[in-house]
Amino acid sequence: RLSEAELDASAPGQDERMRRLYFDAPPFNLRQFLRASFALLSGLALWIGIWDLIDYHLIPTMFPCCINPDPECAFVKAGAVLVGLFGLYITRSLYGQEVVK
């Protein structure tokens, strides 16, 4: 174990080497940053749009009890979640290609 005196007397630039050992960040590139930001925001907008389509249009069309927020509508949505989970289990989408024992 090194003492404080030995740590203080370490070679100059050792902190920089240790920092770069674990994280060698590339230089900032505005074009790549804007492209990644656009991709993230586009994906988020698509996800929210699909959620709104299902929650505000499809479910109320299929189940008239969901036009206004009622407890019956909560049961309908919980049932949809259970059907989805059952589908994931039946198709083994939860496990991928590996067999879980």
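See the structure shown above.
Note on numbering: residues in each chain are counted from 1, in written sequence order. At least 70 in pLDDT is required for a residue's local features to be given in this predicted model, at least 80 for side-chain atom pairs to be given and counted, and no such filter applies to totals for whole chains, interfaces and linings, which use all residues. Each side-chain value is derived from all of the structure's non-hydrogen atoms; neither hydrogens nor water enter the calculation.

J.: I'm lost on the overall build of the protein chain in this one. Help?
T.: Helix and strand counts for the protein chain stand at four helices and zero strands. What you see in the protein chain, going N to C, is helices and strands ordered as α-α-α-α. For the protein chain, the residues scored as buried account for 5% of the 101 residues in total. In short, Shrake-Rupley with a 1.4 Å probe defines the accessible areas, and a residue's cover is counted only from the protein chains shown. Surface exposure of the protein chain reaches about 9,700 Å², of which carbon and sulfur atoms provide 67%. Per the convention used, a helix needs a DSSP run of H or I reaching at least four residues, while a strand needs a run of E reaching at least two, with both numbered from the N terminus. In this scheme, a residue with accessible area under 20% of its type's maximum is buried, one over 50% is exposed, and one in between is partly exposed, where area comes from a 1.4 Å probe on protein chains only.

J.: What should I look at first to understand the state of the cysteines in this one?
T.: Cysteine sulfur atoms that come within 2.5 Å of each other are treated as a disulfide pair. Evaluated as defined, the whole model comprises one disulfide. A sulfur-sulfur separation of 2.4 Å characterises the disulfide bridge that pairs Cys-66 with Cys-73. Because the sign of the S-S torsion sets the handedness, a value of about 110° for the bond joining Cys-66 and Cys-73 places this disulfide among the right-handed ones. For the pair Cys-66 and Cys-73, one class covers both residues: buried. Looking at Cys-65, it has no disulfide partner, and the nearest cysteine sulfur is the one in Cys-66, 4.0 Å off. The exposure class of Cys-65 is partly exposed, given its relative accessible area of 21%.

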